[in-house]
Amino acid sequence: MRQLLLASSSPYRRELLSRLHLPFCWKAPDIDESPIASEPAAALVCRLARSKAERLAQTYHDHLIIGSDQVATLNNRILGKPHDFEQAREQLLEASGTSVHFLTGLALLDSKSGRLQLDCVQFTVHFRRLSNEQIERYLHAEQPYDCAGSFKAEGLGISLFRATEGEDPTSLIGLPLIRLVEMLAQEGLEIP
C-alpha cells in the first residue's frame, strides 16, 4: 500500500484521518499562508492545500500527500482564528443569528507521478441567536481560540447552531473525509 502523508500539524485533521483506519504519518509544511490581494476564499484554500502537499513532495518522493486548508467566511469576509477570548467573543456576536460559510480546500498529490486531485468542499453553519452570556459561557467552557469561526463543532460548539448545511460534516472540522475517500479510490486505495 502507498504511504500516506498528512501535510498538517493540526490535531483535528490527524484525528479525522485516523477514522479511515489507514496508516499515515504527518508533517507540518512550512509555507506562507497569507492571502493574495483580492483572492477569493475558494481560490485561497485550494492554493494553500496544494502548496502544502507540493512543499512536502520535495522531500517525500513516493507518497500520497494530503493537503488541506480551511477558511470561514461571514458576509463575504474571511474570519481568521481568534487566538483569544475577546476576538472569539466578537466573532460569535457577529455570527449570532446569521450563517457562516466554511470552505475547505483538499489536495491529494501522488508525489511519485505528480498527479494532483484538488477540490473545495463547502459547508454552512446557521447560528442560533446567542446572548452575550451564552457566548461567554461557551468560550470559557471550550476555549476554541485556535478554530476558525470560534467554535468546535465536534464538542460543545454544536450547541450554538440552529442548523448545518452541506454534503460532508467532516469538512467543518477541517478534512472532508467523504471527498478524500473518493480521491484515495482514484489512487487505488479502497476504504473500507
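Keep in mind that what you see is a predicted model, and the values were worked out from it rather than measured.

1. So, the overall build of the protein
Thought 1: Helix and strand counts for the protein come out as five helices and seven strands.
Thought 2: For the protein, the N- to C-terminal ordering of α and β elements is β-α-β-α-β-β-α-β-β-α-β-α.
Thought 3: Taking 192 residues into account, the globule formula puts the C-alpha radius of gyration at 16 Å, and the protein, at 17 Å, falls close to it.
Thought 4: Seen through its C-alpha atoms, the protein measures out along the principal axes to roughly 55 × 40 × 25 Å.

2. Remarks on the packing of aromatic side chains
Thought 1: Considering all chains together, one arrives at four aromatic pairs under this definition.
Thought 2: Grouped by ring-pair contacts, the aromatic residues F102, F127, F151 and F161 constitute a single cluster.
Thought 3: For the cation-ring pair, R14 lies above W26, with the distance from its terminal atom to the ring centre recorded as 3.9 Å.

3. Here's the deal with the pattern of salt bridges
Any two side chains of opposite charge can pair, so long as their charged atoms come close to each other.
Thought 1: Within this structure, the stated rule accounts for 13 salt bridges.
Thought 2: Notably, a salt bridge pairs R179 with E182, separated by 3.2 Å at the nearest N-O pair. Linking R179 with E182, this pair stays in helix α5 (residues 177–186), spanning three residues, or about one helical turn.
Thought 3: The class of R179 is partly exposed, set by a relative accessible area of 22%.
Thought 4: One network of salt bridges, with partners in common, ties together E86, R89, E90 and E136.

4. Brief notes about the UniProt feature "site: Important for substrate specificity" (unreviewed entry) in the protein
Thought 1: The UniProt feature table records "site: Important for substrate specificity" (unreviewed entry) at Y12, Q70 and E154.
Thought 2: Position of Y12 among the secondary structure elements: in helix α1 (residues 11–18).
Thought 3: For Y12, a relative accessible area of 21% gives the class partly exposed.
Thought 4: Contacts of Y12, omitting those with residues within four sequence positions, involve D146, C147, K152, E154 and I173.
Thought 5: Ignoring sequence-local partners within four residues, the contact set of Q70 consists of R13, V45, F102, L103, T104, A148, S171, L172, I173 and G174.

5. A word on helix α3 (residues 85–95)
Thought 1: Taken together, the buried positions of α3 are A88, R89, Q91, L92 and A95. Down the axis of α3, the buried set is contained in an arc of 165 degrees. They therefore lie on one face.
Thought 2: Where α3 is buried, its residues contact β3 (63–74), β4 (77–79), β5 (99–110), β6 (116–127) and α4 (132–142).
Thought 3: Of the residues that open α3, the one with a side-chain oxygen 3.3 Å from the backbone nitrogen of E86 is D84.
Thought 4: Following α3 by one or two positions, G97 has its phi on the positive side, about 75 degrees.

Cut-offs used in this document
Residues numbered from 1 in each chain as written. Predicted model: local features only at pLDDT ≥ 70, side-chain atom pairs only at ≥ 80, totals over all residues. Heavy atoms only, no water. Helix = DSSP H or I, 4+ residues; strand = E, 2+ residues; numbered from the N terminus. Rg over C-alpha atoms; globule rule 2.2 N^0.38 Å. Phe/Tyr/Trp six-rings, centres within 6.5 Å; stacked < 30°, edge-to-face > 60°. Lys NZ or Arg CZ within 6 Å of the ring centre and 35° of its normal. Salt bridge = Lys/Arg side-chain N within 4 Å of Asp/Glu carboxyl O. Buried < 20%, exposed > 50% of the residue type's maximum accessible area, 1.4 Å probe, protein only. UniProt positions renumbered as here; feature names shortened; annotations may be inferred. Contact = heavy atoms within 4.5 Å. Arc of directions from axis to C-beta. Polar contact = N/O pair within 3.5 Å; in protein donor to acceptor, adjacent residues only side chain to side chain.

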